[in-house]
Amino acid sequence: AQKVTQAQTEISVVEKEDVTLDCVYETRDTTYYLFWYKQPPSGELVFLIRRNSFDEQNEISGRYSWNFQKSTSSFNFTITASQVVDSAVYFCALSGLETSGSRLTFGEGTQLTVNP
Amino acid sequence: EPEVTQTPSHQVTQMGQEVILRCVPISNHLYFYWYRQILGQKVEFLVSFYNNEISEKSEIFDDQFSVERPDGSNFTLKIRSTKLEDSAMYFCASSRQEAQHFGDGTRLSIL
C-alpha cells in the first residue's frame, strides 16, 4: 500500500522568510513518481513538480526547490523568500507503477499562510 | 498552454438525483482520471481510464458511479443516485505520461 505523510498541518510565516514543507512516503514499488501540487484558495490543483525514483538530484525552479532523499523516503519542498501569493494548501503525492498503476496517492496537505 | 476544462464549476442537486460531471481533457493525453476532495480533506482517487475502458478504480467508486468517453473529447463522471456524502469537489485529470494535469474542479453540493 502507498502512503504519503505531511506531518505539518499548518505553517504560518512572515513574508521573505524561507519555509520547508515536509513529505514522507511509503511504497513497495522500486519505480515510483513523486509530485507536489499547489491548491490556492480558489480551489484548483496546480502541478509544481514530478520526480522519478531514480533521479535523486535536487531541483531548483526560481524560489522553489525540492530535496529528494531516498534513504529517508522524503521529498521536501522549500520556498525561499516567501510571498503572500504563496499562501495555499500544498499537497505531496505519489504514484507507484508496480502496485497501484498510475493513481496518485495524496498526503493530507499543508496549509501555508504567508503574512505581510 | 492547453488545460483540462470542467463543467459546471458548481452543481447543486437534490439527494437521490442523478448527476453528470463533464470534463474535456488535454487533447493529446491518453490517460484520464477522476478524483474527489471532501471539504477540508485530502484528494482521493476514484477511477482511471485508458483506451476506452476503466484501468483502475478505488473502493469509493462503487456501482453508483460510472465513467464514459462518449466522443473524442469529453470524459464524464455519472453518479446515479446521489447521497449527502457525495458532496465534494470533483477533479478531472489527464496525462500523457506520468504528470497528471488537473481541471479546476466541479463543486458538487447535495441537498
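Please read these numbers as outputs of a predicted model, since none were measured by experiment. (Residues numbered from 1 in each chain as written. Chains lettered and ligands numbered in written order. Predicted model: local features only at pLDDT ≥ 70, side-chain atom pairs only at ≥ 80, totals over all residues. Heavy atoms only, no water.)

### Here we look at the interface of chain B and chain A
Listed by partner, the interface residues are 19 residues for chain B and 18 residues for chain A. Taken together, both faces of the contact between chain B and chain A bury some 1600 Å²; the carbon and sulfur share is 53%. Inspection of the chain B/chain A interface yields two salt bridges. The salt bridge involving Glu56(B) is made with Arg103(A); its shortest N-O contact spans 2.9 Å. The interface formed by chain B and chain A holds six residue pairs in polar contact (both at pLDDT 80 or more) in total. Mapped onto the side of chain B that touches chain A, the elements with two or more residues apiece are strand S4 (31–37), strand S5 (43–50), strand S6 (53–57), strand S9 (88–95) and strand S10 (101–102) of chain B. Looking at the side of chain B that touches chain A, the element that brings in the most residues is S4(B), giving three residues. (Contact = heavy atoms within 4.5 Å. Buried area = accessible area lost by both parts, 1.4 Å probe. Salt bridge = Lys/Arg side-chain N within 4 Å of Asp/Glu carboxyl O. Polar contact = N/O pair within 3.5 Å; in protein donor to acceptor, adjacent residues only side chain to side chain. Helix = DSSP H or I, 4+ residues; strand = E, 2+ residues; numbered from the N terminus.)

### Topic: the side chain of Ser94(B)
Residues and elements named next belong to chain B. Locating Ser-94 in the fold gives a position in strand S9. Residue classification places Ser-94 among the buried residues on the basis of a relative accessible area of 0%. In this view, Ser-94 contacts Val-4, Pro-25, Ile-26, His-29, Tyr-31, Phe-32, Tyr-33, Ala-99, Gln-100 and His-101; residues no more than four positions away in its chain are not counted. (Buried < 20%, exposed > 50% of the residue type's maximum accessible area, 1.4 Å probe, protein only.)

### Quick notes on the pairing of strand S9 (residues 74–79) of chain A
All names here are of chain A. Of all the six residues making up S9, five are buried; the element is thus mostly covered by neighbouring parts of the structure. Where strand S3 (residues 19–21) lies against S9, three bridges are found, and the strand directions are antiparallel. Residue pairing in the sheet places Leu-21 in a bridge with Phe-77 of S9. In this sheet, S9 lies alongside strand S8 (residues 64–69) in antiparallel orientation, the contact comprising six bridges. Across the sheet, the residue bridging to Asn-67 is Asn-76, located in S9. (Pairing = 2+ DSSP bridges.)

### Focus on the nonpolar core
One finds Trp36(A), Trp66(A), Phe77(A), Tyr90(A) and Leu112(A) to be the most contacted residues of the largest nonpolar core, which totals 24 residues. Elements that contribute at least two residues to this core include exactly strand S2 (10–14), S3, strand S5 (32–39), strand S6 (46–52), S8, S9, strand S10 (88–96) and strand S12 (110–115) of chain A. Counting residues per element, this core draws most heavily on S10(A), which supplies four residues. In contact with Phe77(A), not counting residues within four places along its chain, are Val19(A), Thr20(A), Leu21(A), Trp36(A), Leu48(A), Tyr64(A), Ser65(A), Trp66(A) and Tyr90(A). Counting 22 residues, the second largest nonpolar core, distinct from the first, contains Val19(B), Ile26(B), Phe32(B) and Val67(B). (Core = buried A, V, L, I, M, F, W, Y, C linked by side-chain atoms within 4.5 Å.)

### A look at unusual backbone geometry
The linkage connecting Thr7(B) with the following residue, Pro8(B), adopts the cis geometry, with an omega of -10°. Of note in this structure, Ala81(A) is not a glycine but carries a positive phi near 50°. Inspection of the secondary structure assignment puts Ala81(A) in the loop between S9 and S10. The partly exposed category is assigned to Ala81(A), whose relative accessible area is 32%. Even without a glycine there, the phi angle at Asn51(B) is positive, about 55°.

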